[in-house]
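What follows is the residue order along each chain.
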Amino acid sequence: MSELLDRAIKGDELSIARLLTKIEYVDPQGLIALEELSKRAGKAFTIGITGIPGAGKSTIIGALIEEYLKRGHKVGVVMIDPSSPFTKGSFMGNRIRMQEKTMLDNVFIRSLASRGHLGGVSAEALMLIEALDGLGFDRIIVETVGAGQTDTEIVSSVHSIAVLTVPGTGDEIQALKAGIMEIGDFYVINKADRPEAEASYISIKFAIDSAEINFRDGWKPLVLKTIATKGEGIKELVDTFEEHRSFLESKGIFSKRILERKSKMIELIVRREIEQLLQKSMEERKEELIKLPLMNAVYSLRAELLKKMNK
Ligand SMILES: Nc1nc2c(ncn2[C@@H]2O[C@H](COP(=O)(O)OP(=O)(O)OP(=O)(O)O)[C@@H](O)[C@H]2O)c(=O)[nH]1
Ligand SMILES: [Mg+2]
């Protein structure tokens, strides 16, 4: 085992950061470490927090971290494409008092930007989740905006999904229309300090109670209200997350979902490799290929890709 991996497993923050970067950039040393960590993974409870920009995802994650730390957990956070990156520093300044500082050794936060990533960040995100799981973070929270292919892939790989809505924005109606009501295990009406919160609660509750759909895993979604900025409703939210976790375990779904995540990760790693090789070949041979009859160009490019893949 490499020294870096050894130090990361022991909890050294700088080593964890360096190791995760190696994994994210698919460095050979990173992949060897991921292989090792993958053997240790399979224990973490993974939670996806999704919702429109500005719904309060990062704020609620800050509050969830605090609550999970109080309960003695190690918390990993992966943020996908954050518009305003949330760092441990800002979280520490705002929410954790100095005497609780040692608890901060039990938190690790990593942001991933999808811009510039070929084929999105899904592969990297799942690799990071796997690595954090293997490093002993037993609660892993993923923040995504909940739109697009990337999110679908990640969302289907986590245990619990909380969809954040904001009262008075009409986004609960949008959510209903978009079928987003079918993905959540929890609907969290954040910013419940707004006067429209109760109306929002009633309409979402009604939508769920009257929905004629098969809810994921047979779990009827719960509707909760929170004021993330004040930490209100957070204990209750964590309690219900943990209830959901027990529910999934009792049904054998907990470990099944981890295996699904692994198969998705394998698929995404290979897909990304193929896409990168394809793009490179295309760039190199574009001028030549467009002069060929269509199918000749297709076969020629395909043959080259297969050759490159077998190297
Ligand atoms: N009044 C009120 N404001 C809140 C609450 N929760 C979050 N906010 C505010 O809403 C704004 C957006 O919060 P963020 O946590 O950055 O939202 P986000 O969903 O992470 O946003 P993006 O990462 O940009 O998609 C901030 O100014 C927060 O302080 C709440 O419960 N009540
Ligand atoms: Mg955010």
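Provided above is the structure to which this section pertains.
All figures in this text were calculated on a predicted structure; none of them were measured in a lab.

Caption draft 1: Highlighting the coordination of the magnesium ion (ligand 2). The coordination sphere of the magnesium ion (ligand 2), as far as protein atoms go, consists of Ser58 (OG) and Glu143 (OE), spread over 2.1 to 2.3 Å. Placement of serine 58 in helix α4 (residues 57–70) and of glutamate 143 in strand β4 (residues 139–144) is noted, with a sequence separation of 85 residues between them. Overall, the relative accessible area of 8% leaves glutamate 143 in the buried class.

Caption draft 2: Looking closely at the packing of helix α11 (residues 253–289) against helix α12 (residues 294–309). Closest axis-to-axis distance for the α11/α12 pair is 10 Å, and the angle between their directions is 135°. The pairing of α11 with α12 is recorded here as oblique in orientation. α12 is crossed by α11, and the crossing has right-handed handedness. Residues Ile274, Leu277, Leu278, Ser281, Met282, Glu284, Arg285 and Leu289 of α11 touch α12, and the partners they reach there are Ala297, Ser300, Leu301, Glu304, Leu305, Lys308 and Met309.

Caption draft 3: Highlighting helix α10 (residues 234–250). When the terminal C-alpha atoms of α10 are compared, their 24 Å separation across 17 residues agrees well with the 24 Å that a helix rising 1.5 Å per residue should span. Residues of α10 that are buried include every one of Ile234, Leu237, Val238, Thr240, Phe241, Glu242, His244, Arg245, Phe247 and Leu248, and no others. Directly after α10, the chain includes glycine 252, whose backbone phi takes a positive value near 75°.

Rules used throughout
- Residues numbered from 1 in each chain as written.
- Chains lettered and ligands numbered in written order.
- Predicted model: local features only at pLDDT ≥ 70, side-chain atom pairs only at ≥ 80, totals over all residues.
- Heavy atoms only, no water.
- Donors = N, O, S within 2.8 Å, 3.2 Å for Na, K, Ca; no water.
- Helix = DSSP H or I, 4+ residues; strand = E, 2+ residues; numbered from the N terminus.
- Buried < 20%, exposed > 50% of the residue type's maximum accessible area, 1.4 Å probe, protein only.
- Axes fitted to C-alpha atoms, helices over the stretch in contact; angles between N-to-C directions.
- Parallel < 35°, antiparallel > 145°, perpendicular 65-115°, else oblique.
- Left-handed = near helix turned anticlockwise from the far one by under 90°.
- Contact = heavy atoms within 4.5 Å.
- Expected span 1.5 Å × (residues − 1).

In short, geometric facts, not functional conclusions.
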